[in-house]
Amino acid sequence: MMTVSEDIFREMDFFAVSFVLGIVLVLVYDCLRILRRLVRHGVLWISLEDLCYWVFTAFVIFAMLYQKNDGLIRGFSIGGIVLGMFLYNQFISVYTVRHIARVLKKIIRMIQKICRFILTPFRKAANKIANKGSVLAGKGRKFKKYLNKRLKRAGKLIKIGLIKK
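Note that residues are indexed from 1 along each chain, following the sequence as it is written. Local features are withheld for residues below a pLDDT of 70 in this predicted model, meaning they are given only at 70 or higher, and side-chain atom pairs are given and counted only at 80 or more; totals for whole chains, interfaces and linings count all residues. Side-chain numbers come from the whole structure's heavy atoms, not from hydrogens or water.

This paragraph deals with the overall build of the protein chain. The secondary structure listing takes helices from DSSP runs of H or I that are at least 4 residues long and strands from runs of E that are at least 2 residues long, numbered from the N terminus. If you tally the helices and strands in the protein chain, you get 3 helices and 0 strands. For the protein chain, the sequential pattern of α-helices and β-strands runs α-α-α. We call a residue buried when its accessible area falls under 20% of the maximum for its residue type, exposed when it is over 50%, and partly exposed in between, using a 1.4 Å probe and counting protein chains only. In the protein chain, buried positions account for 16% of the 165 residues. By sequence separation, contacts in the protein chain at least 24 residues apart represent 80% of the contacts at least 6 residues apart. When checking whether two residues touch, look at their non-hydrogen atoms; a contact exists if any pair is within 4.5 Å.

Here is the structure:
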């Protein structure tokens, strides 16, 4: 009977952890991609997000290498990370991003509709008050013109009265 040494199990565990880490890293990037589909980003923000992502990725990979292999970079661990990233990106990521973004957009639209429905009476009241205010403002302008005419007429009558005496 053949027994597998403990070192080979440790190496298989290291490779499996590397593989799963690759999947998790692409999953984190998918969260960024979903956010970008929900909220428009400019080139500057996308660049900053990508920079932060890759710095985060470097620290996570270094922490995994340090914990599992005393910081030694092994080719098969990098291969495991790349393989996990590639397989997840090719077979799962495309559907995940598309469907989650679609579902979240629908949820956001429903929340917007509910808010619009709840706020409609307040919006209508505000419009009525604004319309009444403009009507009153128009009447106020007419009243001001009327007063100016009366005051001019009164002023002319007073001038005429003062001059005649």
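This part takes up the nonpolar core. What is meant by a nonpolar core is a set of buried Ala, Val, Leu, Ile, Met, Phe, Trp, Tyr and Cys residues, joined one to another through side-chain atoms within 4.5 Å. Core analysis: the largest hydrophobic core is formed by 12 residues, namely Phe-14, Leu-21, Leu-25, Val-26, Leu-32, Tyr-53, Ile-61, Met-64, Leu-65, Ile-81, Met-85 and Tyr-88. Within the residue set of this core, elements represented by two or more residues are helix H1 (6–38), helix H2 (43–69) and helix H3 (75–164). Residue contributions to this core peak at 5 residues, all from H1. When neighbours within four sequence positions are excluded, Leu-21 is seen to be in contact with Val-60, Ile-61, Met-64 and Ile-81.

In this section: H2. Helix length check: H2 (27 residues) gives 38 Å between terminal C-alpha atoms against 39 Å at 1.5 Å per residue, within 8%. Along H2, the residues classified as buried are Glu-49, Tyr-53, Thr-57, Ile-61, Met-64, Leu-65 and Asn-69. Immediately beyond the C-terminal end of H2, within one or two residues, lies Asp-70, with a positive phi of roughly 55°. The span one expects for a helix is its residue count, reduced by one, times 1.5 Å.

So, on to a positive patch on the surface. On the surface, Arg-37, Arg-40, Arg-98, Arg-102, Lys-105, Lys-106, Arg-109, Lys-113, Arg-116 and Arg-123 cluster together to form a positively charged patch. Tallying contributions element by element places H3 first for the positive patch, with 8 residues. By relative accessible area, Arg-123 is classed as partly exposed at 41%. Patch membership requires over 30% relative accessible area and the absence of a salt bridge. Like charges are linked within 9 Å, and nonpolar side chains (Val, Leu, Ile, Met, Phe, Trp, Tyr) within 5 Å. We get accessible surface area from the Shrake-Rupley algorithm with a probe of 1.4 Å; when it comes to residues, only the shown protein chains can shield them. The term salt bridge refers to a side-chain nitrogen of Lys or Arg lying within 4 Å of a carboxyl oxygen of Asp or Glu. Only four residue types enter the tally: Lys and Arg on the positive side, Asp and Glu on the negative side, with His and both chain ends excluded. Think of each charge as sitting on NZ of Lys, CZ of Arg, CG of Asp or CD of Glu.

Below, the discussion takes up the pattern of salt bridges. If you walk through the whole model with that rule in mind, you get 6 salt bridges. One salt bridge connects Arg-10 with Asp-7, and the closest N-O pair in it is separated by 2.6 Å. Separated by 3 residues within a single helix, Arg-10 and Asp-7 lie in helix H1, roughly one turn from each other. Asp-30 is the salt-bridge partner of Arg-33, the closest N and O atoms lying 3.1 Å from each other. Separated by 3 residues within a single helix, Arg-33 and Asp-30 lie in helix H1, roughly one turn from each other. Through salt bridges that share partners, Arg-36, Glu-49 and Asp-50 make up one connected network.

In this analysis, rings of Phe, Tyr and Trp, with Trp reduced to its six-membered ring, are considered paired at centre separations within 6.5 Å, and the interplanar angle assigns stacked below 30 degrees, edge-to-face beyond 60, and tilted for intermediate values. One pass over the structure, following the stated rule, counts 5 aromatic pairs. Counting every residue linked through ring pairs, the aromatic cluster contains Phe-14, Phe-15 and Phe-76.

This part covers H1. A rise of 1.5 Å per residue sets the reference length of H1, with its 33 residues, at 48 Å; its end C-alpha atoms lie 48 Å apart and thus fit the reference within 8%. All of the buried residues in H1 are Phe-14, Ser-18, Leu-21, Gly-22, Leu-25, Val-26, Asp-30, Leu-32, Ile-34 and Arg-36.

What follows deals with the packing of H1 against H2. Axes are the key here: two packed helices are described by the angle between their axes and the distance separating the axes. All axes are obtained by fitting lines to C-alpha atoms, using only the stretch in contact for helices, and the reported angles, taken between N-to-C directions, cover 0 to 180 degrees. Axis separation between H1 and H2 bottoms out at 11 Å; the angle between their running directions is 165°. Here H1 is positioned roughly antiparallel relative to H2, judged by the angle of their axes. Crossing hand, H1 versus H2: right-handed. Here Asp-13, Phe-14, Val-17, Ser-18, Leu-21, Leu-25, Val-26, Val-28, Tyr-29, Leu-32, Leu-35 and Arg-36 of H1 come into contact with H2, specifically with Ile-46, Glu-49, Asp-50, Tyr-53, Phe-56, Thr-57, Val-60, Ile-61, Met-64, Leu-65, Lys-68 and Asn-69. If an angle is under 35 degrees, it is roughly parallel; if it is over 145, roughly antiparallel; if it lies from 65 to 115, roughly perpendicular; otherwise it is oblique. Crossing handedness: left-handed means the near helix sits turned counterclockwise from the far one by under a right angle, and right-handed means the same turn made clockwise.

As a per-residue quantity, pLDDT reports the predictor's confidence and falls between 0 and 100. For the protein chain, per-residue confidence averages 84 on the pLDDT scale, and residues scoring 70 or more make up 87% of the total. The lowest-confidence element of the protein chain is H3, averaging 81 in pLDDT; the highest-confidence one is H2, averaging 93.

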